[in-house]
Amino acid sequence: GQQVMQIPQYQHVQEGEDFTTYCNSSTTLSNIQWYKQRPGGHPVFLIQLVKSGEVKKQKRLTFQFGEAKKNSSLHITATQTTDVGTYFCAVAYNFNKFYFGSGTKLNVKP
Amino acid sequence: DAGITQSPRYKITETGRQVTLMCHQTWSHSYMFWYRQDLGHGLRLIYYSAAADITDKGEVPDGYVVSRSKTENFPLTLESATRSQTSVYFCASSERVGGSYEQYFGPGTRLTVT
C-alpha cells in the first residue's frame, strides 16, 4: 500500500489564489521529493528536502519539511495558469525504492 | 542530447501476448526505474536497478520482468499481458550527486491490453 498520503486529491482555484498540497507519513522520512506533471506529460523534479524544518523557495513555490520529518507541504502563491498540473511528493524508505503520493491535481481558472 | 527515451510511445496488444517496453538513457546514470501510472494510484514502482546486472523489485513487480545488461538500457517485459496491466509506463533514471538523487523521467509508454 501507499507509504505516504497526499491531500487534497483535487484543487480548483481562481487565477491569483493560493494553493497548498500536503504529504503525510506515519514514519520518519529521510528526505522527500516533489514533482510536477503537466497534463499529458511526464513528472518533472522540483525539489528535494532533507533537513528537519527545512523551507525552500522557488519563485512563487514554497516547500516545507516538518520538524518531525513526517510531513511536507508545497505552497504556490498567486497561482497562474502555467501552474496547472498534478503535484506529487515522493519518498524513499529504502535506498532508491521510491513511493509516490497519489498526487494533487491543480486546475487554475483564468 | 537525447536524455531518456522510451519506445514505443503507444502500444496496443492482446491478452496473453508478451510485450517489451524499451528505455534508453544517455547520461550513464547508475539508477534506473520503471513505474506505472494509473488513475487514483499516482506512480507505483515496478522494478529498479542500481547498476548494470543489479535489479530489485518495487511495489508492484508481479507479471513483469526486467534486465539491465548495459548501463544505458533498462527494458521491461510483460511476459503474458493482462487487462490489468493497461497503464501508462514511465521509465526514469537517477544519479546520486551529493545527497540528491532527482529522477529524470522519460515521456512514457501508453499500453492498452485488449
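Quick look at the structure, then. (Residues numbered from 1 in each chain as written. Chains lettered and ligands numbered in written order. Predicted model: local features only at pLDDT ≥ 70, side-chain atom pairs only at ≥ 80, totals over all residues. Heavy atoms only, no water.)

Quick look at unusual backbone geometry
Next, step 1: Following A:I7, the chain continues into A:P8 via a peptide bond in cis, with omega recorded as -5°.
Next, step 2: Residue B:S7 is joined to B:P8 through a cis peptide bond whose omega torsion reads -10°.
Next, step 3: Tracing the backbone through its elements, the reader meets B:P8 in the loop between β1 (4–7) and β2 (10–13).
Next, step 4: Phi at A:A78 is positive, roughly 50°, even though this residue is not glycine.
Next, step 5: As for its placement among the helices and strands, A:A78 is situated in the loop between β8 (71–76) and β9 (85–94). (Helix = DSSP H or I, 4+ residues; strand = E, 2+ residues; numbered from the N terminus.)

Quick word on the nonpolar core
All names here are of chain A.
Next, step 1: Membership of the largest hydrophobic core comes to 21 residues, with the highest contact counts inside it found for I32, W34, L46, F63 and L74.
Next, step 2: Of all elements in the fold, only β3 (19–24), β4 (32–37), β5 (43–49), β7 (61–65), β8, β9 and β11 (104–109) reach the threshold of two or more residues within this core.
Next, step 3: Discounting chain neighbours no more than four positions away, the residues touching I32 are C23, I47, Q48, L49, F65, S72, C89, A90 and V91. (Core = buried A, V, L, I, M, F, W, Y, C linked by side-chain atoms within 4.5 Å. Buried < 20%, exposed > 50% of the residue type's maximum accessible area, 1.4 Å probe, protein only. Contact = heavy atoms within 4.5 Å.)

Focus on the sheet that holds strand β8 (residues 76–78) of chain B
All names here are of chain B.
Next, step 1: Read from one edge of the open sheet, four strands run β1-β3-β8-β7, paired in antiparallel fashion. Of all strands in the sheet, those with a lone pairing partner are β1 and β7 (64–66), marking the two edges. For this sheet, the mean inter-axis angle between neighbouring strands, taken without regard to orientation, is 20°.
Next, step 2: Pairing analysis gives three bridges linking strand β3 (residues 19–25) to β8, with the strands arranged antiparallel. For T20, the partnering residue across the bridge sits in β8 and is T77. (Pairing = 2+ DSSP bridges. Axes fitted to C-alpha atoms, helices over the stretch in contact; angles between N-to-C directions.)

Some remarks on the pairing of β5(A)
Residue and element names in this part refer to chain A.
Next, step 1: In terms of residue burial, β5 counts as a mostly covered element, since six of its seven residues are buried.
Next, step 2: Bridge count between β4 and β5: six bridges; the pairing is antiparallel. Bridge pairing in β5 places I32 opposite L49.
Next, step 3: Joining the antiparallel neighbours β4 and β5 is a turn of five residues, in which G40 adopts a positive phi near 80°.

Remarks on the sheet that holds β3(A)
All names here are of chain A.
Next, step 1: Sheet architecture is open: five strands sit in the order β1-β3-β8-β7-β6, paired in antiparallel fashion. Of all the strands in the sheet, the pair left with one neighbour each is β1 (5–7) and β6 (55–58). For this sheet, the mean inter-axis angle between neighbouring strands, taken without regard to orientation, is 15°.
Next, step 2: Both β6 and β7 contribute to a ladder of four bridges, which runs antiparallel. In the strand pairing of β7, K56 is matched with F63.

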